[in-house]
Amino acid sequence: MAEGPVARLQQLENIEKDIATAIQSAGQALQELAKDKPVLKQVETHTTNFMKILMEVEKKLTQQINYLTQVSTGQPHEGSSYAAQKDLTLAYHRMDHIRSRLMDLGKLHIEHQQAQRQLSITKGPAASGQIGDGS
């Protein structure tokens, strides 16, 4: 059930209309109760209608909240690219970290090579002098 943002907004608009209808039913029940001789059947009808609509609104709002929870936590959801976008951003961060670590290792390698060369230069003449002395 892939629903786009337009469908979600339409659902929220319908929920808003349902809330207005529920408030209207509650108002009608209160108006009937305010009369000198209220008709209890009318009060019960409006109250029942109010409760029915209110339960439906609660169900629909819960669905909307669950959808938003899925999208905001990065769980896979049809019709949302948030999770993929979040994964891509994290991959870029990991790549930058790896690149930084590799550059640090490269610098260490170059320093090690330079130290080895320096060591071989300082030991080289002494080592060749010793060879010459032994002949």
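Calculation rules
- Residues numbered from 1 in each chain as written.
- Predicted model: local features only at pLDDT ≥ 70, side-chain atom pairs only at ≥ 80, totals over all residues.
- Heavy atoms only, no water.
- UniProt positions renumbered as here; feature names shortened; annotations may be inferred.
- Helix = DSSP H or I, 4+ residues; strand = E, 2+ residues; numbered from the N terminus.
- Buried < 20%, exposed > 50% of the residue type's maximum accessible area, 1.4 Å probe, protein only.
- Contact = heavy atoms within 4.5 Å.
- Areas by Shrake-Rupley, 256 points an atom, 1.4 Å probe, with all protein chains shown as cover.
- Expected span 1.5 Å × (residues − 1).

The name recorded for the chain in an unreviewed UniProt entry is Mediator of RNA polymerase II transcription subunit 11, from Mizuhopecten yessoensis. Under the Subcellular location (unreviewed entry) heading, UniProt states for the chain: "Nucleus". Database annotation for the chain, UniProt heading Sequence similarities (unreviewed entry): "Belongs to the Mediator complex subunit 11 family."

For the chain, the helix and strand inventory stands at three helices and zero strands. Looking at the chain as a whole, 12% of its 135 residues are labelled buried. Taking the contacts inside the chain whose residues are at least 6 apart along the sequence as the reference set, 53% of them involve residues at least 24 apart. Surface exposure of the chain reaches about 10,900 Å², of which carbon and sulfur atoms provide 61%.

Within the secondary structure, Q70 is located in helix α2 (residues 40–72). The exposure class assigned to Q70 is partly exposed, which follows from its relative accessible area of 30%. Along the backbone, Q70 and Y82 are twelve residues apart, and their C-alpha atoms lie at a distance of 9.9 Å.

Under the 1.5 Å per step criterion, the end-to-end length of helix α1 (residues 5–34) is 43 Å for 30 residues, consistent within 8% with the ideal 44 Å. Those residues of α1 that fall on the buried side of the exposure criterion are R8, I15, A22, S25, A29 and E32. For α1, the secondary structure elements touched by its buried residues are α2.

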